[in-house]
2 protein chains.
Amino acid sequence: MVETTRRREIEAVASSLFHERGYAGTSVRDIARALDIQGASLYAHVASKEEVLWAIVDRTAIRFEAAADAAAAATAGRDPASRLEQLVRAHVAVVTEDVQRASVFVREWRSLAREPRMDIARRRDEYERRFRAVIDDGIATGAFAAVDVTAASAFILTALNGLVSWYRPGGRLGEAEIADAYAHLALAALRDSVPER
Amino acid sequence: MVETTRRREIEAVASSLFHERGYAGTSVRDIARALDIQGASLYAHVASKEEVLWAIVDRTAIRFEAAADAAAAATAGRDPASRLEQLVRAHVAVVTEDVQRASVFVREWRSLAREPRMDIARRRDEYERRFRAVIDDGIATGAFAAVDVTAASAFILTALNGLVSWYRPGGRLGEAEIADAYAHLALAALRDSVPER
DNA sequence: CCTACCGATCGGTAGG
DNA sequence: CCTACCGATCGGTAGG
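Since we're looking at a predicted model, the values are computed, not measured. (Residues numbered from 1 in each chain as written. Chains lettered and ligands numbered in written order. Predicted model: local features only at pLDDT ≥ 70, side-chain atom pairs only at ≥ 80, totals over all residues. Heavy atoms only, no water.)

**Student:** Please explain the protein's contact with DNA strand C as it appears in this structure.
**Tutor:** Around DNA strand C, the structure places 16 residues, and the nearest of them are R6, S41 and A44 of chain A together with R29 and Y43 of chain B. The contact atoms of DNA strand C, taken as those within 4 Å of the protein, divide so that sugar and phosphate hold 55%. Contacts to DNA strand C include Y43 of chain B, whose side-chain N or O atom sits 2.7 Å from a phosphate oxygen. A class-by-class count of the residues in the surface near DNA strand C yields six nonpolar, six polar and four charged. (Near = heavy atom within 4 Å. Polar contact = N/O pair within 3.5 Å; in protein donor to acceptor, adjacent residues only side chain to side chain. Nonpolar A, V, L, I, M, F, W, Y, C, P; charged D, E, K, R; others polar.)

**Student:** Would you mind going over the pattern of salt bridges with me for this structure?
**Tutor:** Here the idea is simple: oppositely charged side chains can pair when their charged atoms come close. Across all of its chains, the model carries 38 salt bridges over all chains by this definition. Between R129 of chain B and E126 of chain B there is a salt bridge, with its nearest N and O atoms 3.0 Å apart. Here the residue R129 of chain B and the residue E126 of chain B both occupy positions in helix α6 (residues 114–141), the gap between them amounting to three residues, near one helical turn. The exposure class assigned to R129 of chain B is partly exposed, which follows from its relative accessible area of 45%. What makes E126 of chain B partly exposed here is its relative accessible area of 40%. It is possible to trace a salt-bridge network through shared partners that takes in D58, E65, D119, R122 and R123 of chain A. (Salt bridge = Lys/Arg side-chain N within 4 Å of Asp/Glu carboxyl O. Helix = DSSP H or I, 4+ residues; strand = E, 2+ residues; numbered from the N terminus. Buried < 20%, exposed > 50% of the residue type's maximum accessible area, 1.4 Å probe, protein only.)

**Student:** I keep staring at the interface of chain B and chain A and nothing clicks. Help me out?
**Tutor:** By a widely used convention, the size of an interface equals the accessible area lost when the partners come together. Contact residues are listed per partner, giving 28 residues for chain B and 28 residues for chain A. Here chain B packs against chain A, burying approximately 2500 Å² in sum over the two surfaces, 68% of which is carbon and sulfur. Across the chain B-chain A interface, the total number found is two salt bridges. In this structure, the salt-bridge partner of R172 of chain A is D148 of chain B, at a minimum N-O distance of 3.1 Å. Linking chain B with chain A are six residue pairs in polar contact (both at pLDDT 80 or more). Going through the elements one at a time, α7 (149–162) and α8 (175–190) of chain B are the ones with two or more residues in the side of chain B that touches chain A. (Contact = heavy atoms within 4.5 Å. Buried area = accessible area lost by both parts, 1.4 Å probe.)

**Student:** Where do I start with the protein's contact with DNA strand D in this structure?
**Tutor:** With respect to spatial proximity, 15 residues lie near DNA strand D, and among them R29 and Y43 of chain A together with R6, S41 and A44 of chain B are the closest. Close to the protein, within 4 Å, the atoms of DNA strand D are drawn from sugar and phosphate at a rate of 56%. Between DNA strand D and the protein, one listed contact pairs a phosphate oxygen with a backbone N or O atom of T26 of chain A at 3.5 Å. One of the backbone nitrogen or oxygen atoms of V28 of chain A is found 2.8 Å away from a phosphate oxygen of DNA strand D.

**Student:** What is the right way to look at the relation of the copies chain B and chain A in this model?
**Tutor:** Mapping between the two chain copies consists of a rotation about an axis together with a translation along that axis. When chain B is brought onto chain A, the operation consists of a screw motion whose angular component is 180 degrees and whose axial shift is 0.0 Å, with 0.0 Å RMSD remaining. Taken together, the rotation angle and the small translation identify this as a two-fold axis. Most of the interface of chain B is mirrored in chain A, where 100% of its interface residues again form contacts. (Least-squares fit on C-alpha atoms with pLDDT ≥ 70 in both.)

Right, here's the structure in full:
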């Protein structure tokens, strides 16, 4: 499938509907109706409903990965707290940049067929590993308290992902405020409460 | 609808399927098949598919509310940190006690029709308000850092709810370990990093 | 991008 | 709890 304007419109509209009603709760005709075309006409642009979900999920996964890569590159060699802070800020930026797509990525990837679902599962694990590695380092250096790394990374990552269920563009809290607050909360959660003594 | 054994079995099976595939992704026949009866036979026990979702969601909402009530009652008059700790522990307990139902409550309440959905939305707001109130108090007393209360309560509550997507009964981390870790993380996230000086 | 159409499945009812 | 059945809708194809 070539990347036409129409194709991009379809993905935008689908992201919005999948975000609101979920993948299974959205029909191909719902998407078509939002574009003022017939349901069957959609198939001139996409191979299947699932292919649209895949396009949204894969692209968004790439954004998260690229943002985390950039954060890691920018903070290489620095202390764990700074590295985690940038990972958190990168994640918040990707979510706020496009909540609908981020929401579909976070919530609807389970609706994919076996193979693509396993691909995403693997990439999510990889992504989580970045957080775990930084937390591990922080515990090793004494910057972070000796918490259970699985629980801590799950706590922080699900909090970050939870942003998709409450962030509203144009709301009182913009991306900058949320990034600051979330970076502070995540770091404070991990930081050893009695650092120097 | 009277509460028969069959009725309870239906809700248990439906919780499991809704947890795995979502409400919209689960058919009435899927539920019936898991019970070894015909799809139409389900209607001898339930009025509609949505009524089953409502039963699960409403009961689970009641559990969260009751657990928070008990936590609040047990810590009335105490310091904000202790009160928040017990709210966190209560939440973790309800999730781990029945992940499937908790997961359906957290993820699928949006699939309800307008009226029940608004009822749940209202009760979720009410529930969040308990967290906000304690956080507000903690900031007022100086026990907590002066974070944005909306961001902080959303961060913590979505982290708590995120447990439904990774908790596995019988896994390495049991309810006690998770409750300890999550209570620590939530309190540390809020605590003023330089309390006495 | 449309019309016309496909088989399959959806939630649900009637009547036992 | 079953059989038999309902209209509506599902994702998708053929052929223009």
